[in-house]
Amino acid sequence: MESASLGGICVSQRPYTLSKQAVKVYNFFQQQGFLPADQKSYPIFKKYEGDSRLQERSAVIIASWSTEFNGLYKTIDGYLCSVYFFRDSPVYFMIHRPPGNVDYSLQHIVDRLYELSRSIGLPALSIFAIEARFLAEYQSIQGYDIQIEYKEKNSAYVYRTKDLLELSGSINYYKRKRVKKFMDNPAVLICPLTKGNVHLCLDIEKQWCKAQDCGYCESFCGCEKKALEIMVALFDERIQEGLLCYYEGTPAGYIICEKRSRDVAFLYFGKGIIPDLFLYLIYTMFKRYITDAEYMEINDDMGNRGLQQFKSHLSAYEFWRKYYCVYKRAESRNI
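Q: Sorry if this is basic, but what is going on with the pairing of strand S12 (residues 250-259) here?
A: When a strand is regular, its side chains alternate between the sheet's two faces. With respect to burial, S12 is a largely interior element, 8 of its 10 residues being buried. Here strand S11 (residues 240-247) runs beside S12; their pairing, made up of 8 bridges, is antiparallel. For Glu241, the partnering residue across the bridge sits in S12 and is Cys257. Between S11 and S12, which pair antiparallel and follow one another directly, the connecting turn spans 2 residues, one of which, Glu248, has a positive phi of 55°. Of the pairings in the sheet, the one linking S12 to strand S13 (residues 264-272) comprises 7 bridges and is antiparallel in character. In the strand pairing of S13, Tyr254 is matched with Lys271. Hairpin geometry of S12 and S13 is characterised by an intervening segment of 4 residues between the two adjacent antiparallel strands.

Q: How do you make sense of the side chain of Lys271 when you look at a structure like this?
A: Mapping Lys271 onto the fold places it in strand S13. For Lys271, a relative accessible area of 9% puts it in the buried group. Of the polar contacts made by the side chain of Lys271, one reaches the side chain of Glu224; its length is 2.5 Å. Setting aside residues no more than four positions away along its own chain, Lys271 makes contact with Ile204, Glu205, Trp208, Glu224, Ala252, Gly253, Tyr254, Phe278 and Leu281.

Q: Help me understand the confidence of the model for the protein, please; the structure alone is not making it clear to me.
A: Regions with low pLDDT carry predicted coordinates that are not meant to be interpreted in detail. Per-residue pLDDT for the protein has a mean of 88; in total, 90% of the residues score no lower than 70. Below a pLDDT of 50 lies the segment residues 1-16, which in the model reaches 40 contacts outside its immediate sequence neighbourhood of four places, other chains included.

Q: Just checking my understanding: could you explain the pattern of salt bridges for this structure?
A: Between side chains of opposite charge, a pair can form when the charged atoms approach closely. Applying the stated criterion to the full structure yields 20 salt bridges. The partner of Glu49 in a salt bridge is Lys46, and the shortest N-O contact between them spans 3.0 Å. Close ionic contact of Lys181 with Asp276 constitutes a salt bridge, the shortest N to O distance being 2.9 Å. Residue Lys181 is found in the loop between helix H7 (173-180) and strand S10 (188-192), and its partner Asp276 is found in the loop between S13 and helix H11 (277-289); the two are separated by 95 residues along the sequence. Each of the salt bridges in this network shares a partner with another, and the network as a whole consists of Lys46, Glu49, Glu258 and Arg260.

Thresholds, definitions, all that
Residues numbered from 1 in each chain as written. Predicted model: local features only at pLDDT ≥ 70, side-chain atom pairs only at ≥ 80, totals over all residues. Heavy atoms only, no water. Buried < 20%, exposed > 50% of the residue type's maximum accessible area, 1.4 Å probe, protein only. Helix = DSSP H or I, 4+ residues; strand = E, 2+ residues; numbered from the N terminus. Pairing = 2+ DSSP bridges. Polar contact = N/O pair within 3.5 Å; in protein donor to acceptor, adjacent residues only side chain to side chain. Contact = heavy atoms within 4.5 Å. pLDDT = per-residue confidence, 0-100. Salt bridge = Lys/Arg side-chain N within 4 Å of Asp/Glu carboxyl O.

Structure representation (structure tokens):
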């Protein structure tokens, strides 16, 4: 695949290629001391995970996906601040609070990021992945016109595990039918993921990829296979949990999760190269292994119809909203 170098950053010729303006902004933040968010930055983000219920705040997801999102990060007065560049989206930031007491307020950090954003010509400061419970604090920042944005396609699908495991009744007829064809099937062998076998997830992913349109798939958020390669490298069975499924002796499906608390477990990656196998792996994961988390969070669908159909038909669900806060001062309203 051809690539081009623009102002110091190599930009592949893919659907989410950065524009020249975005490259200019990217290079500016690098000059301000922001570093690439990638596999090596995992321990830093791990310190700032906190108790968030959104996958974007998970250190392993940030490390796995940030290269695809052109992510950069910097610690500013104790807060971990990261900035991301997407196709067809504004430059946006995430703010990670330091653990324990803080010497500086959120107002101070927003002011610092706003001044940086304006100095490179951005019309506003956009902060993303704000949970509903923290929204009031972001709305109380002084000195700005604040616009609150919410898009359903960017919000997380969340399932009560008791609903995922329920197979009785007419409402669960198709789920019951799809799951039961793998139960007590002698061709199916399921075992826990370990550092010794997690690499087999990549073989399954590669088989799945063969049937996909790369341009379409990557256009939503980048290459999942590349993100999974980092996930596999970082996989820690003391933190993450997963299952590997063999069908007739051949690896055919996998699932990778992380239980963050009794409240929520995240489903990070998973595939089944046999129809309905991934659904069975989700069922088995929460039936046998993650048995005491109230919710499973499976993230958004990014506008991908295939993901939307799978997630909306998986079980009864609700949305956990992810908000944008867009900050503008009076002098920048008409820019």
